[in-house]
Amino acid sequence: MSASASASTPSSASSATSAPAPSAAVRSAVVARLRAAGCVFAEDEACLLVSAAGSAAELTAMVDRRVAGLPLEHVLGWAEFRGLRIAVDPGVFVPRRRTEFLVRRAAALAGPGAVVVDLCCGTGALGAALAAALGRAELYAADIDPAAVRCARRNVAAAGGRVYEGDLYEPLPAALRGRVDVLLANVPYVPTEEVGLLPPEARIHEARVALDGGADGLDVLRRVAADAPGWLAPGGSLLVETSERQAPMAVETLAAAGLTPCVSRSEELYATVITGTRPPGRTV
């Protein structure tokens, strides 16, 4: 989970609607309202809102919600993630564009039919996107937040994925132990004292459990890493997102758990991913 708000550059995709096309004046008025509210990508957001609204009244209501601070993705009900339209329900963590880098790294490690687990899955965007990239996958996901679980079940349905409600590994089928090829864990990594510094879109409209990573931001990562070797197949990998500042501690955490760590960075997406691989010959 990230320390920034959900307002990344909006998708240019739009929803089909039978409503008459709004006039240029209407679009300009929407842009002006969004810009006055501090929306950085006001023009792009206006296009999405106008396209999604089925009537003038609905457009006004949607703009009102956005201006009031609701994340754009919650207003629209979806977010674009690696070319997929991911359903996003109110209160559920919005998938960030930078996390596409984590999926890209995971796709480079696995092939079709891989056993994939998406922990702290939120909307299920990571698992759904990886399954789409691989063509097919045996996909499982879990989250402690009931609202996230309901949302994720809709998003992973196309891949035949299963979503479980519970704390980290606890709800997963025991038969997965030692079989997981790719373990995605976009754990919360914002230090507790910094949660209050997040933009309102995140700290007000997303569940705190999806943001707060404890005193140094690594509490959940430590728990995930400690048990990862028992779930990973020999040669399987755990992938987590973290901040550049936290990366050295994250590397130490994965190494202490018996995984071989590797750091990858994307300057384009301002993303840092730590991969921890279970050595093929090591028993757990």
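Because the structure is a prediction, the values reported are computed rather than measured.

Chemist: Summarise the overall build of the protein; cite the residues concerned and give the values.
Modeler: A tally of helices and strands in the protein yields ten helices and nine strands. Relative to the compact-globule value of 19 Å for 284 residues, the protein shows a C-alpha radius of gyration of 19 Å, a close match. Counting only C-alpha atoms, the protein reaches 65 × 40 × 30 Å along its principal axes. Restricting to contacts in the protein with at least 6 residues of sequence separation, those with at least 24 account for 66%. Here the protein has roughly 12100 Å² of accessible surface; of this, 54% comes from carbon and sulfur atoms. Considering the protein, the positive charge centre built from 27 side chains and the negative charge centre built from 30 side chains are found 4 Å apart.

Chemist: Help me get a handle on empty space enclosed by the protein, residues and values and all.
Modeler: The final tally for this structure, using the stated rule, is one cavity of 30 Å³ or more. Together, twelve residues line the largest cavity, and Phe93, Pro95, Cys121, Leu126 and Asn186 are the ones closest to its centre. Classifying every residue of the lining of the largest cavity gives seven nonpolar, four polar and one charged.

Chemist: Report on the pattern of salt bridges, specifying residues and quantitative values.
Modeler: All told, the structure shown has eleven salt bridges when counted by the stated rule. The salt bridge partner of Arg35 is Glu43, with a shortest N-O separation of 2.0 Å. A salt bridge links Glu138 to Arg179, with the nearest nitrogen and oxygen atoms 3.0 Å apart. Linking Glu138 in strand 4 (residues 137-143) with Arg179 in the loop between strand 5 (162-165) and strand 6 (180-185), this pair joins segments that are 41 residues apart in sequence. Bridged by salt links that share partners, the residues Asp216, Asp219 and Arg222 form one connected network.

Chemist: Describe helix 2 (residues 42-52), and please don't skip the residues or the numbers.
Modeler: Where helix 2 is concerned, the buried positions are Ala42, Glu45, Ala46, Leu48, Leu49, Val50 and Ser51. Packing partners of the buried residues in helix 2 comprise helix 1 (24-36), helix 3 (56-67), helix 4 (72-76) and strand 1 (78-81).

Chemist: Summarise the state of the cysteines; cite the residues concerned and give the values.
Modeler: Covalent bonding between the sulfur atoms of two cysteines is what defines a disulfide. Across all of its chains, the model carries zero disulfides by this definition. Summary of cysteine pairing: Cys47 is not part of a disulfide, and the nearest cysteine sulfur, belonging to Cys39, is at 13 Å. Relative accessible area serves as the criterion here: at 39%, Cys47 is assigned to the partly exposed category.

Chemist: Report on the environment of Gly276, specifying residues and quantitative values.
Modeler: Turning to its location among the elements, Gly276 is positioned in strand 9 (residues 271-277). Under the relative-accessibility criterion, Gly276 is labelled buried at 0%. Taking C-alpha positions, Gly276 is 6.4 Å from Cys262, a pair spaced 14 residues apart along the chain. Setting aside anything within four residues of it in sequence, one finds Gly276 in contact with Leu232, Gly236, Ser237, Leu238, Leu254, Leu259, Thr260 and Pro261.

Chemist: Tell me about helix 1, and name the residues and values.
Modeler: Counted at 1.5 Å a residue, the expected span for helix 1 with its 13 residues is 18 Å, and the 18 Å between its end C-alpha atoms agrees. Within helix 1, the full set of buried residues consists of Val30, Val31 and Leu34. Taken down its axis, helix 1 places every buried residue within 100° of arc, on the same side. Projecting away from the buried face of helix 1 at angles above 90 degrees are the exposed residues Ala25 and Ala36. Where helix 1 is buried, its residues meet helix 2 and helix 3.

Chemist: Talk me through the sheet that holds strand 3 (residues 114-119); I want residue IDs and the actual numbers.
Modeler: Strand order across the open sheet formed by seven strands is 5-4-3-6-7-9-8, with mixed pairing between neighbours. Looking at the sheet topology across the chains shown, the edges are occupied by strand 5 and strand 8 (260-266). Within this sheet the neighbouring strands show an average axis-to-axis angle of 20°, counted without direction. Both strand 4 and strand 5 contribute to a ladder of four bridges, which runs parallel. Across the sheet, the residue bridging to Ala142 is Tyr164, located in strand 5. The sheet strands contacting helix 7 (residues 146-155) are strand 4 and strand 5, and the helix crosses strand 5 at an angle near 175°.

Chemist: So, the confidence of the model for the protein: which residues are in play, and what are the values?
Modeler: The predicted coordinates ought not to be read in detail in places where the model reports low pLDDT. Averaged over all residues, the pLDDT of the protein is 89; the fraction at 70 or higher stands at 90%. Taken together, the stretch residues 1-9 has pLDDT below 50 and engages in 42 contacts with residues farther than four places along the chain or on a different chain. Contacts for the low-pLDDT stretch residues 11-19, under 50 throughout, to residues beyond four places or in other chains number 19 contacts.

Here is what the cut-offs are and how they apply
- Residues numbered from 1 in each chain as written.
- Predicted model: local features only at pLDDT ≥ 70, side-chain atom pairs only at ≥ 80, totals over all residues.
- Heavy atoms only, no water.
- Helix = DSSP H or I, 4+ residues; strand = E, 2+ residues; numbered from the N terminus.
- Rg over C-alpha atoms; globule rule 2.2 N^0.38 Å.
- Contact = heavy atoms within 4.5 Å.
- Areas by Shrake-Rupley, 256 points an atom, 1.4 Å probe, with all protein chains shown as cover.
- Lys, Arg positive; Asp, Glu negative; His and termini not counted.
- Charge placed at Lys NZ, Arg CZ, Asp CG, Glu CD.
- 1 Å grid on protein atoms, 1.4 Å probe; cavity = no way out; pocket = protein on both sides within 12 Å on 5 of 7 lines; lining within 4 Å.
- Points joined across faces, edges and corners; volume = space filled by probe spheres on them.
- Nonpolar A, V, L, I, M, F, W, Y, C, P; charged D, E, K, R; others polar.
- Salt bridge = Lys/Arg side-chain N within 4 Å of Asp/Glu carboxyl O.
- Buried < 20%, exposed > 50% of the residue type's maximum accessible area, 1.4 Å probe, protein only.
- Disulfide = S-S within 2.5 Å.
- Expected span 1.5 Å × (residues − 1).
- Arc of directions from axis to C-beta.
- Pairing = 2+ DSSP bridges.
- Axes fitted to C-alpha atoms, helices over the stretch in contact; angles between N-to-C directions.
- pLDDT = per-residue confidence, 0-100.

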